[in-house]
Amino acid sequence: MAGNKDKNKNDGGASDHTSPYYIHASDYPRQLHVNDVLTDVNYNDWSQEMMNFLFAKKKVGFIDGSIKKPESSDATYMAWMRCGAMIKGWLNTAMEKEIRTSVKYAVTAQDIWSDLKERFGNTSAPRAYELKQSLMTTKQEGVSVSAYFTKLRSLWDEIQLVFPIPTCNCKGCSCEIGKQLYDFKQKEKLYEFLLGLDVEYTIRT
Ligand SMILES: [Zn+2]
């Protein structure tokens, strides 16, 4: 609609629902959009939920840095500032008071997001420990080998997510370090697999 287009020109997209700058009339900063607020122990679930919500709101670009802050002379500048403030409000509302206090000097929503990721994200040691524990106690116990393998696979996948074993990034890697890292990972999995089988295997060296 022509009328809408004219409007967008003035507000930098804030009233165009297809724009990432769109803010719905019912949106306000102190809205809780997750089931559980962020604590010391639930970052993975929390960030997933928050990410889904921001995705639905077309606001992921504000936390992953792909929607950069425009020059103050730009038509979208005010819309960007408003969205940023709104998202900061949503994030702040969705965390425990202690954590909120610890991020109060963050300038942008992206700063908050990456700070939380750094503190609670991937290298979450307690979760990795938990996963390693269940890996050790996962046994075939009468189920089929493929069912047992599937169970291990989901544990390996989550461990790789939470506590990744580094892989080499060199192009089409065939270097020695890359090869050793790969062998290590495969061997570790093989042992974990064999150890839980109902039938005992002898590993000859
Ligand atoms: Zn390599």
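Just so we're clear, the structure is a prediction, and the values are computed from it rather than from any experiment.

(A) Summary view of the coordination of the zinc ion. For the zinc ion, the full set of protein donor atoms is C168 (SG), C170 (SG), C173 (SG) and C175 (SG), and the range of their distances to it is 2.3 to 2.4 Å. Read from N- to C-terminus, the donor residues coordinating the zinc ion fall into the pattern C-x1-C-x2-C-x1-C. On the basis of relative accessibility, which here comes to 35%, the residue C170 falls in the partly exposed class. The partly exposed category is assigned to C175, whose relative accessible area is 28%.

(B) Structural view of the nonpolar core. One finds W46, M50, L91 and L116 to be the most contacted residues of the largest nonpolar core, which totals 30 residues. Of all the secondary-structure elements, those providing two or more residues to this core are α2 (43-56), α3 (60-64), α4 (77-93) and α6 (109-120). With 7 residues, the single largest contributor to this core is α4. Residues within four places of L116 in sequence aside, it is in contact with L38, Y43, W46, M95, I99, V103 and G121.

(C) Representation of the packing of α2 against α6 in the model. Axis separation between α2 and α6 bottoms out at 11 Å; the angle between their running directions is 155°. The angle between α2 and α6 falls in the class roughly antiparallel. When the axes of α2 and α6 are compared, the crossing they make is left-handed. Residue-level inspection shows Y43, W46, S47, M50 and M51 of α2 in contact with α6, the latter providing W113, L116, K117 and F120.

(D) Broad picture of the environment of T138. Mapped onto the elements of the fold, T138 is located in the loop between α7 (125-137) and α8 (145-162). T138 sits 100 residues away from L38 along the chain, and the two C-alpha atoms are 30 Å apart. Discounting chain neighbours no more than four positions away, the residues touching T138 are Y148, K151, L152, L155 and G196.

(E) Structural context of helix α9 (residues 176-195). Taking 1.5 Å per residue as the helical rise, α9 with its 20 residues ought to reach 28 Å, and the 28 Å between its terminal C-alpha atoms agrees with that figure. Residues of α9 that are buried include every one of G178, K185, E192, F193 and L194, and no others. On its buried side, α9 packs onto α7 and α8.

(F) Quick peek at the domain arrangement of the protein. Domain annotation for the protein reports domain 1 (2-120) and domain 2 (125-195). Placing the centre of domain 1 and that of domain 2 at their C-alpha centroids yields a distance of 35 Å.

(G) Focus on the pattern of salt bridges. Scanning the model with the defined rule gives 5 salt bridges in all. Among the salt bridges present, the one from K57 reaches D27, with a minimum N-O distance of 2.8 Å. One end of the pair, K57, is in the loop between α2 and α3; the other, D27, is in the loop between α1 (2-11) and α2, with 30 residues separating them in the sequence. Judged by its relative accessible area of 25%, K57 falls in the partly exposed class. For D27, a relative accessible area of 11% corresponds to the buried category. One salt bridge in this structure joins K132 and E192, with 3.9 Å as the shortest N-O distance. Taken as a pair, K132 in helix α7 and E192 in helix α9 lie far apart in primary sequence, 60 residues in all. Relative accessible area serves as the criterion here: at 16%, E192 is assigned to the buried category. Connected through shared salt-bridge partners, K132, E188 and E192 make up one network.

What counts and what doesn't
Residues numbered from 1 in each chain as written. Predicted model: local features only at pLDDT ≥ 70, side-chain atom pairs only at ≥ 80, totals over all residues. Heavy atoms only, no water. Donors = N, O, S within 2.8 Å, 3.2 Å for Na, K, Ca; no water. Buried < 20%, exposed > 50% of the residue type's maximum accessible area, 1.4 Å probe, protein only. Core = buried A, V, L, I, M, F, W, Y, C linked by side-chain atoms within 4.5 Å. Helix = DSSP H or I, 4+ residues; strand = E, 2+ residues; numbered from the N terminus. Contact = heavy atoms within 4.5 Å. Axes fitted to C-alpha atoms, helices over the stretch in contact; angles between N-to-C directions. Parallel < 35°, antiparallel > 145°, perpendicular 65-115°, else oblique. Left-handed = near helix turned anticlockwise from the far one by under 90°. Expected span 1.5 Å × (residues − 1). Domains from an automatic or database assignment. Salt bridge = Lys/Arg side-chain N within 4 Å of Asp/Glu carboxyl O.

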